[in-house]
2 protein chains.
Amino acid sequence: MMGPEEPEKPSIPIRGWLWFRDIPSKLLAKLHEVARQAIKVAKDDPRRLIHSLKVGLTVTLVSLLYYLRPLYNNFGASAMWAVMTVVVVFEFSVGGTIGKCLNRGLATLAAAALAIGAHHLAILIGKKCEPYLIGVFVFIQAVAMTFVRFFPKVKAKYDYGMLIFVMTFSLVSISGLRMNEVLELAQARLVTILIGASTCLAVCILICPVWAGEDLHRYVAQNISQLGNFLEGHTDQCFKTSCDAWIEITKPSVVNLNSILVDSKGREETLANLAGWEPGHGQFMYRHPWKQYLKIGNLTRQCACRLEAINGCFNSNFQAPPEIQCTIEVAFSESGKALKELAWAVETMTKPSSANPHIANLKIASRNLKSILKSGVWGEGSDILQIIPVAAAMIDTVSSVEQICVAVNELSFMAKFKSRNGSGVEGESEIGHDKSCIEIGMAEIPSLSVAIDGGIEISAEAEEQILMV
Amino acid sequence: MMGPEEPEKPSIPIRGWLWFRDIPSKLLAKLHEVARQAIKVAKDDPRRLIHSLKVGLTVTLVSLLYYLRPLYNNFGASAMWAVMTVVVVFEFSVGGTIGKCLNRGLATLAAAALAIGAHHLAILIGKKCEPYLIGVFVFIQAVAMTFVRFFPKVKAKYDYGMLIFVMTFSLVSISGLRMNEVLELAQARLVTILIGASTCLAVCILICPVWAGEDLHRYVAQNISQLGNFLEGHTDQCFKTSCDAWIEITKPSVVNLNSILVDSKGREETLANLAGWEPGHGQFMYRHPWKQYLKIGNLTRQCACRLEAINGCFNSNFQAPPEIQCTIEVAFSESGKALKELAWAVETMTKPSSANPHIANLKIASRNLKSILKSGVWGEGSDILQIIPVAAAMIDTVSSVEQICVAVNELSFMAKFKSRNGSGVEGESEIGHDKSCIEIGMAEIPSLSVAIDGGIEISAEAEEQILMV
């Protein structure tokens, strides 16, 4: 079956030699690959490189304890606990480092105190049954603490503390040393651990700090903004020509909806947990409403799921009559704008009043769309099988955008976002800069264009009119 | 402004007393809450309780080192490393424990060897610049290893090893002891760490082992099965009456699609990473294709996203003409059955041939649906705005189910799933047990009912016929 051009297989010793000969080039290729990946990792987030340098600096600083004789004479071998503490406790974000420091410190103190108590109790009861009693204590606390680690709340914030508790309790209670030795040792260790932890905290907070809260804040804003980009990408690519003609809609550039949909939840929850440890910093107070970001994140994911559906519908080209086309276009571009305004408001911590006119337009466009669809005027040659799914997904998306707007408004209230331009006037009219784009979609309800200018608080009259459409 | 019934506020000392009086009841309530949560955690997965007992047992066993005098005299204070190892290394799953043991062991050995080398080098170059050189070495390795931890592959499997490397290298290279002392200490520590790790592994594997691979296997099968349940729930609740009448469709019981959509990815990836450490066990070989489960998981999430869209469409009641109703019903129930057969095949590791007839029916139902929709026969009074989105989402779902089927077939090939009943005959006809339900949907293409019986490999002729529909 072999073709005549098939080269002959070399004999085993030659193959062995070839394998050896290729080692350097393979190694070079591997090194090249690692270097390429390292550059990518550093480019994706340059703070990673800074973090590595910070860890190196702290470990080296703490190692000085060994070289400065006066310090070494004080602590002796206990100085190694300082190095261990630094390596174990230093995390990427300030919140992570503080959380681990507190967990480690408090758990060590609590476990040591309890273990000394248990030791005393065992001695009181009798020298003979002391080992058994201590064995029982160790068993019970190990079982209890390991089990407690499965509680969701404990797992999220105190997992490391529980681990340290079990370790410290076991070590102290079974060490079997005389009390004064234990206390002496404990004191030396505590001081070195404190030195390690405080060096860690100082370097972590003072040199280019990475705040988990700030990351969460930016990440949530960025996800909303990505959805906005996705919608604007659709608008730009799908509705290039005028609304008067039949327009062909092609698949737009794909923003990575999937990563928002699938990866964001875990990341947001981790960041929110870490942010809970952080003191006030920059624009954030100590008790910033981090939980509200999780709520906004959930709504963003819901919206992304709906946009996925739209994305699916756009897989094939489609044609729609002008009025539907235009209303969908308005809904698209206004959703995009509203989301980007909301993202901007979160990002800059200003009141999201600038999104209100877009939201009002959105509501109207959504109702227009429903009424056009219900009227059943399809025009000839239009493919309702492709129009209706897009329209239905669009209506869902609009309600999703509205929910995000409500959640961002809640956040702006909780976190006392500043008014735009510091004027303090809420609901101010920000319309005018891109009013033209919505006029086409609202041609049927000219009486409403006044209501929109008033922001999201539409008058009862106008509301009635809208509902009647 | 206060109402007349408003009770007077008690004075401060009385309030203080009330606060004190409430402490016991508050404490009781808190205890009750904790107990309730503990029972829930244990009920959700009883293996958690067993794991806690296993950890307690192992810690107590290792503590014996302190009490057995001959052992203690050998190791002295180094025995504490055994306890530390157990506490840090013992994980819930066998894969986690093995992974941590290997990471800890190999990283310690490598780092210690390198550190001793660095120490020698520093001494060779000169006594005077020794501390500076060692400082430089410590700095460089800490920076490099901390940076390497950000590589995605390293983070997934070797994160803990890198941490231990930095710690061991720093401790050994700066300890400044004479060489023979270091070696003696290192030997004692290594032996105790080995004792700790091997006790851990023995208890972890021999007493009720929790295999991450098995968990992943079950979890993926269970998610597919949940989607099947969701679809069947729809079928049961929406299509109770006969297909001849107008039928009202109400919102079915909600299976938690959101948890599949959002939570499953992280869990699957963690389990797949842990499973990679595990030796062969039960039905799983050493190199079981765990990555394929991740692929199936991704497709399952995609399908869940599409079902979310259907779920949204069913929010309001809707009416459809009988032929559409029936075709959708067929697509629903066959999708549900296909998914449940696939889940069953994964769960029991048998070839998924029993799903093939359902997949064939699905394809036909999907094509029928498309042709009915294209024909534009809506009947009077039917609300196409509600029918079409459901139909469109259904067509998407069908293609998603087909993709899952392909992925499961790949898995069955890679993992050498056994044939059903051990007969070894592939593609055997499994039809007949619920053929009746699909007959309605296929009324228009009777010539195809033969082709379906042949399983998923439909003959070219039949394929042509289908394509023409």
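Keep in mind that what you see is a predicted model, and the values were worked out from it rather than measured.

Draft legend 1. The overall build of chain A, seen in detail. Across its full length, chain A holds 18 helices and zero strands. Among the 469 residues that make up chain A, the fraction classed as buried is 49%. Residue pairs in contact within chain A that sit at least 24 positions apart in sequence constitute 80% of those at least 6 positions apart. Accessible surface, chain A as shown: approximately 22700 Å² in total, 62% of it carbon and sulfur.

Draft legend 2. Region of the structure containing the interface of chain B and chain A. Taken together, the contact between chain B and chain A spans 61 residues of the former and 62 residues of the latter. Inspection of the chain B/chain A interface yields two salt bridges. A salt bridge links A:Lys265 to B:Asp263, with the nearest nitrogen and oxygen atoms 2.8 Å apart. Linking chain B to chain A there are four residue pairs in polar contact (both at pLDDT 80 or more). Of the residues in the side of chain B that touches chain A, the class split is 43 nonpolar, 11 polar and seven charged.

Draft legend 3. Region of interest: the relation of the copies chain B and chain A. Least-squares fitting of chain B to chain A yields an RMSD of 0.1 Å, with the transformation described by 0.0 Å of translation along the axis and a rotation of 180 degrees. The transformation just described matches what one would write down for a two-fold rotation axis. Looking at the interface residues of chain B, 100% of them are also at the interface in chain A, so both copies use one shared face.

Draft legend 4. Highlighting the environment of B:Cys405. All names here are of chain B. Within the element layout of this structure, Cys405 appears in helix α15 (residues 384-414). On the basis of relative accessibility, which here comes to 2%, the residue Cys405 falls in the buried class. Residues Cys405 and Met145, spaced 260 residues apart in sequence, show a C-alpha to C-alpha distance of 43 Å. Sequence-distant contacts of Cys405, defined by excluding residues within four places in its chain, comprise Leu342, Asn356 and Ile359.

Draft legend 5. Looking closely at a nonpolar patch on the surface. Residues and elements named next belong to chain B. On the surface, a cluster of nonpolar side chains totalling about 580 Å² of accessible area is made up of Leu57, Leu61, Leu64, Leu68, Ile205, Leu206 and Ile207. For the nonpolar patch, the leading source of residues is helix α2 (residues 47-67), giving three residues. Mapped onto the elements of the fold, Leu61 is located in helix α2.

Draft legend 6. Region of interest: the pattern of salt bridges. Tallied over the entire structure, the rule returns 28 salt bridges over all chains. Between B:Arg47 and B:Asp215 there is a salt bridge; the shortest N-O distance is 2.9 Å. Of the two residues, B:Arg47 sits in helix α2 while B:Asp215 sits in helix α10 (residues 212-238), which places them 168 residues apart along the sequence. Assessed through its relative accessible area of 25%, B:Arg47 is described here as partly exposed. Overlapping salt bridges bring together A:Asp45, A:Arg47 and A:Asp215 as one network.

Draft legend 7. Region of interest: the packing of aromatic side chains. On inspection of all chains with the given rule, the structure shows 14 aromatic pairs over all chains. Seen from their ring centres, B:Phe284 and B:Trp290 are 5.4 Å apart, and the 45 degrees between their planes marks the pair as tilted. In terms of burial, B:Phe284 and B:Trp290 fall into one category: buried. Site record: aromatic cluster; members linked through ring pairs are A:Phe284, A:Trp290 and A:Tyr293. Across the ring face of A:Tyr160, the terminal group of A:Lys100 is positioned such that the distance to the ring centre comes to 4.7 Å. Here B:Arg267 stacks its cationic end above the ring of B:Tyr219, 4.2 Å away from the centre of that ring.

Draft legend 8. Here's a closer look at helix α14 (residues 356-375) of chain A. In this model α14(A) runs 29 Å from its N-terminal to its C-terminal C-alpha over 20 residues, within 8% of the 28 Å that 1.5 Å per residue would give. A large share of α14(A) lies buried, amounting to 14 of its 20 residues.

Draft legend 9. Focus on unusual backbone geometry. All names here are of chain A. Of note in this structure, Cys208 is not a glycine but carries a positive phi near 40 degrees. With a relative accessible area of 43%, Cys208 lands in the partly exposed category. Its identity as a non-glycine residue notwithstanding, Met349 has a phi of 55 degrees, on the positive side.

Draft legend 10. Just the packing of helix α5 (residues 94-125) of chain A against helix α8 (residues 159-174) of chain A, in detail. Residue and element names in this part refer to chain A. As a packed pair, α5 and α8 sit with axes 8 Å apart at the nearest point and diverge in direction by 30 degrees. Judged by the angle between their axes, α5 and α8 are roughly parallel. In this structure, the crossing between α5 and α8 has a hand that is right-handed.

Draft legend 11. Local environment of α8(A). With 16 residues, α8(A) extends 23 Å between its outermost C-alpha atoms, agreeing within 8% with the 22 Å of an ideal straight helix rising 1.5 Å per residue. In terms of burial, α8(A) is a largely internal element, 14 of the 16 residues being buried.

Draft legend 12. Focus on the domain arrangement of chain A. Residues and elements named next belong to chain A. When the domains of chain A are assigned, the result is domain 1 (47-206) and domain 2 (212-468). Taken together, the contact between domain 1 and domain 2 spans 12 residues of the former and eight residues of the latter. Interface of domain 1 and domain 2: buried area, both sides summed, is about 820 Å²; carbon and sulfur atoms make up 63% of it. Counting the contacts that link domain 1 with domain 2 gives one salt bridge. For the pair domain 1 and domain 2, the interface holds two residue pairs in polar contact (both at pLDDT 80 or more).

Draft legend 13. A look at the side chain of A:His281. Residue and element names in this part refer to chain A. Along the polypeptide, His281 turns up in the loop between α11 (257-275) and α12 (290-313). Looking at His281, the relative accessible area reads 6%, which means it is buried. Setting aside chain neighbours within four positions, we find His281 in contact with Trp211 and Glu214.

Draft legend 14. Representation of the side chain of B:Ser412 within the structure. Residues and elements named next belong to chain B. With respect to the helices and strands, Ser412 occurs in helix α15. At 3.1 Å, the side chain of Ser412 and the backbone oxygen of Asn409 are in polar contact. Beyond its immediate sequence surroundings of up to four residues, Ser412 is in contact with Pro352 and Phe417.

Draft legend 15. Representation of the packing of helix α4 (residues 80-89) of chain A against α5(A) within the structure. Residues and elements named next belong to chain A. Running from amino to carboxyl end, α4 crosses α5 at an angle of 135 degrees, the nearest separation of the two axes being 9 Å. Taken together, the axes of α4 and α5 lie oblique to each other. Here α4 contributes Trp81, Thr85, Val88 and Val89 to the contact with α5, which in turn contributes Thr97, Lys100, Cys101 and Arg104. Residue composition of the contact of α4 with α5, by class: four nonpolar, two polar and two charged.

Draft legend 16. Structural detail: the environment of A:Ala355. Residues and elements named next belong to chain A. By secondary structure assignment, the location of Ala355 is in the loop between α13 (322-348) and α14. For Ala355, a relative accessible area of 1% corresponds to the buried category. Here the alpha-carbon distance between Ala355 and Lys340, two residues 15 residues apart in the chain, equals 8.3 Å. Excluding anything up to four places from it in sequence, Ala355 contacts Ala338, Glu341 and Leu342.

Draft legend 17. Representation of the confidence of the model for chain A within the structure. Residue and element names in this part refer to chain A. Averaged over every residue, the pLDDT of chain A is 77; the share at 70 or more is 75%. Low pLDDT (under 50) marks residues 240-253, which in the prediction has 39 contacts with non-local residues, meaning those over four places away or in another chain. A low-confidence stretch, residues 423-469 stays under pLDDT 50, and its non-local contacts, those more than four residues away or across chains, total 64 contacts. Quick note on the complex model: pTM equals 0.78, ipTM equals 0.78.

Draft legend 18. Examining the state of the cysteines more closely. Here the structure, examined in full by the defined rule, presents zero disulfides over all chains. Not part of a disulfide, B:Cys101 finds its nearest cysteine sulfur in B:Cys200, a span of 5.7 Å.

Criteria and thresholds
- Residues numbered from 1 in each chain as written.
- Chains lettered and ligands numbered in written order.
- Predicted model: local features only at pLDDT ≥ 70, side-chain atom pairs only at ≥ 80, totals over all residues.
- Heavy atoms only, no water.
- Helix = DSSP H or I, 4+ residues; strand = E, 2+ residues; numbered from the N terminus.
- Buried < 20%, exposed > 50% of the residue type's maximum accessible area, 1.4 Å probe, protein only.
- Contact = heavy atoms within 4.5 Å.
- Areas by Shrake-Rupley, 256 points an atom, 1.4 Å probe, with all protein chains shown as cover.
- Salt bridge = Lys/Arg side-chain N within 4 Å of Asp/Glu carboxyl O.
- Polar contact = N/O pair within 3.5 Å; in protein donor to acceptor, adjacent residues only side chain to side chain.
- Nonpolar A, V, L, I, M, F, W, Y, C, P; charged D, E, K, R; others polar.
- Least-squares fit on C-alpha atoms with pLDDT ≥ 70 in both.
- Patch = residues over 30% accessible without salt bridge, like charges linked within 9 Å, V, L, I, M, F, W, Y side chains within 5 Å.
- Phe/Tyr/Trp six-rings, centres within 6.5 Å; stacked < 30°, edge-to-face > 60°.
- Lys NZ or Arg CZ within 6 Å of the ring centre and 35° of its normal.
- Expected span 1.5 Å × (residues − 1).
- Axes fitted to C-alpha atoms, helices over the stretch in contact; angles between N-to-C directions.
- Parallel < 35°, antiparallel > 145°, perpendicular 65-115°, else oblique.
- Left-handed = near helix turned anticlockwise from the far one by under 90°.
- Domains from an automatic or database assignment.
- Buried area = accessible area lost by both parts, 1.4 Å probe.
- pLDDT = per-residue confidence, 0-100.
- Disulfide = S-S within 2.5 Å.

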